[in-house]
Amino acid sequence: MVARETFAKVSPLTGETLGNYPLSSTDEAIRAVESARRAFQTWKMTTVESRGRLIRAAARLLEDRKSELALLVRRETGKPLADSEAEIGGAIEMGYMLAAHGRFPYGKLLPSAIPLRQTRLQRVPLGVAALIITYNAPIPNFAWKIFPALMAGNTVVVKPSPHTPGSADAFVSILHEAGIPPEVLHVVHGEAEAATGLIEGGADLVSFTGSYPTGVKVLEAAAKTLAKTVIELGGSNPLVVRSDADVENAAKTAMDSAFSNAGQRCASASRVIVHSSVLEKFLDHVQTNAAQLTVGAADEATIGTLIDSSAAVAFEAYLQTCADSGASVTRLGVISGESAATVRPALVTGLDPYSEVGHTEVFGPVMRVFGFETDDQAVEIANATEFGLTAAIWSRDIVQAERMVSRIHAGVININGPTHGAEINYPFGGVKHSGNGSRDAGVEAIDAYSDVQVVSTFFGA
Ligand code: NAD
């Protein structure tokens, strides 16, 4: 018998191997899609109410297991336990919200030009949903895709990030325990081979969260099968601080958006654009607040590690590029628990906002600060990125802030708030290289994970 190919998951906190997981081949992924397709014939006939009941049971079980799951996520991702628990809370709420949706009216009656023709528009499942997912907030990432896909009546094959295989197995097994049949919800582990196998295997829906380059590959592969796609990609999100802003709170919030989750957020505020009249004050507040930041693998650290040591090496290399281009790089916070995946947050000033290094996505704890003189300039800098996921504007003048909203290209914009912090009932997604127009979360997710069918009866025939 040929030994199963596996990969090791190493904890970013300790460097220890947490487990070995099967590295699924393309063929195995195709077989998972075939199995899910067979199960679809039965699953699609279940009522939306009964699917809601199962998802509610799953949300309840997630609540019971929240502490152990949070610990597992912490060990796999290096994030603080409190952050891990809060994220799982969001995933649970997503389950309850979508489960309730099973009892809501859905569909439309369409008027007809023909007498005695009655036409309804209804939502129908697509078939097999392939869900390819990143690592930064594993449990909500699973919940945002798996719950709406199942609620809409699809069967599912999940391909989690190889950085969070244990969290994926735990989440999926809780859903199985809640009564969702294993043939309705599969998981395959691995990398590109497994993911492309799901697409080549003919999944009817491909929902992907990850980086822009991989997103493009997913779209290219899905173009051959014409699968419906939900594509959620990166961001290089601007937070604008106007001269009339509450600068102290803006600085605190910008730091939270830039550094929490060790900056591994698609919605992180990695570019902060501050009016020159309050720039010094803003930077002073950042330095003062930085004294509170503890970073690393220790339980008491307020900011955790990056996902692994190679992400830490890439982050340091990025900061070196900033320094080489003449920027000033200041490291913030104190280390609490060294590990190879630990990096100190960085404040970078003096970069050209229009340069690649000034607007690229970093996916680490960096805050690049740029000055501006006029709102036109602030908007120009905010839009000087290929991404368009989220943005924030700080101003006491709501009229001027709203004017900026209409000019900044982003899927999600907050006034006097962070760039992150999506709520479960808000559709989330971006424009430009941040996504393809689809939305995860919100009740809009049901639209993304289903198809429209138009059915007419001719009573006059
Ligand atoms: P990634 O693109 O490297 O990987 C994402 C997933 O794709 C993983 O499961 C990976 O195994 C899989 N994959 C790898 N090669 C593939 C291929 N050829 N075809 C199909 N799938 C393949 O991204 P990452 O490093 O895991 O995640 C970081 C990125 O995710 C950042 O750009 C971040 O902004 C983005 N992100 C976006 C959102 C959002 O909602 N928009 C949320 C979180 C993270």
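Conventions we followed
- Residues numbered from 1 in each chain as written.
- Predicted model: local features only at pLDDT ≥ 70, side-chain atom pairs only at ≥ 80, totals over all residues.
- Heavy atoms only, no water.
- Near = heavy atom within 4 Å.
- Polar contact = N/O pair within 3.5 Å; in protein donor to acceptor, adjacent residues only side chain to side chain.
- Areas by Shrake-Rupley, 256 points an atom, 1.4 Å probe, with all protein chains shown as cover.
- Helix = DSSP H or I, 4+ residues; strand = E, 2+ residues; numbered from the N terminus.
- Pairing = 2+ DSSP bridges.
- Axes fitted to C-alpha atoms, helices over the stretch in contact; angles between N-to-C directions.
- Contact = heavy atoms within 4.5 Å.
- Buried < 20%, exposed > 50% of the residue type's maximum accessible area, 1.4 Å probe, protein only.
- Core = buried A, V, L, I, M, F, W, Y, C linked by side-chain atoms within 4.5 Å.
- Right-handed = clockwise from strand over helix to strand, strands pointing away.

**Q** Explain the site of the ligand here, please?
**A** Around the ligand, the structure places 30 residues, and the nearest of them are T134, K159, S211, L233 and E361. Take E191: an N or O atom from its side chain is 2.9 Å from an oxygen atom of the ligand. Between the ligand and L233 there is a distance of 2.7 Å, counted from a nitrogen atom to a backbone nitrogen or oxygen. Here the ligand has 860 Å² of accessible area as a free molecule, and 87% of this is covered by the chains. Contributions of two or more residues to the shell around the ligand are made by α7 (192-200), β8 (205-209) and α8 (212-225).

**Q** Which parts of the structure should I look at to understand the sheet that holds β8?
**A** Strands in a sheet are paired, the pairing made by backbone hydrogen bonds, and the direction either parallel or antiparallel. Within the open sheet, the five strands sit side by side as β7-β6-β5-β8-β9. Their pairing is parallel. Each edge of the open sheet carries a strand with a single partner, namely β7 (185-187) and β9 (228-232). Each neighbouring strand pair of the sheet contributes to a mean axis angle of 15 degrees, computed without reference to strand direction. Bridge count for β8 against β9 is five bridges, and the pairing is parallel. When the sheet's bridge partners are listed, S207 is paired in β9 with V230. Sheet contacts for helix α5 (residues 138-151): β5 (128-132), β6 (155-159), β7, β8 and β9; angle to β5, the most-contacted strand, approximately 175 degrees.

**Q** In this structure, what is going on with the environment of L81? I would like to understand it.
**A** By the element assignment, L81 lies in helix α4 (residues 81-101). Under the relative-accessibility criterion, L81 is labelled partly exposed at 34%. Beyond its immediate sequence surroundings of up to four residues, L81 is in contact with A70, L71 and R74.

**Q** How should the sheet that holds strand β10 (residues 238-241) be read in this particular structure?
**A** Spatial ordering of the open sheet is given by β13-β15-β16-β11-β10-β18-β19, a layout of seven strands whose pairing is mixed. Strands with a single pairing partner mark the edges of an open sheet, and in this sheet they are β13 (328-331) and β19 (412-415). Averaged over all pairs of adjacent strands, the angle between their axes in this sheet comes to 20 degrees, without regard to strand direction. Note that β10 and strand β11 (residues 271-275) share four bridges and pair parallel. Counterpart to V241 in the pairing with β11 is V274. This element, helix α10 (residues 279-290), spans β10, β11, β13, β15 (346-349) and β16 (366-372) of the sheet and lies at about 165 degrees to β16. Lying over the sheet, helix α14 (residues 398-405) contacts β10, β18 (390-394) and β19, oriented at roughly 170 degrees with respect to β19.

**Q** Got a minute to help me understand the nonpolar core in this structure?
**A** Note on soluble globular proteins: their nonpolar side chains tend to be buried together. Counting residues in hydrophobic clusters, the biggest one holds 55 residues, and the most contacted among them are V272, F282 and M367. Ranked by residues supplied to this core, first place goes to helix α9 (residues 247-259) with seven residues. Apart from residues lying up to four places away in sequence, V272 is in contact with L239, V241, A254, F282, M367, R368, V369 and F370.

**Q** Got a minute to help me understand the pairing of β6 in this structure?
**A** Each regular strand carries side chains that alternate between the two faces of the sheet. Of all five residues that make up β6, five are buried, and the element is covered over most of its length. Residues T155, V157 and K159 point to one face of β6 and V156 and V158 to the other, with burial holding for every one of them. Bridge analysis of β5 against β6 gives five bridges, and the strand direction is parallel. Residue I132 lies in a different strand from β6, and its bridge partner there is K159. Note that the unit made of β5, α5 and β6 has a crossover that is right-handed. In terms of strand pairing, β6 meets β7 through three bridges, oriented parallel. Along β7, the bridge assignment pairs V157 with H186. In this region the chain leaves β6, passes through helix α6 (residues 165-177) and returns to the parallel neighbour β7; the handedness of that crossover is right-handed.

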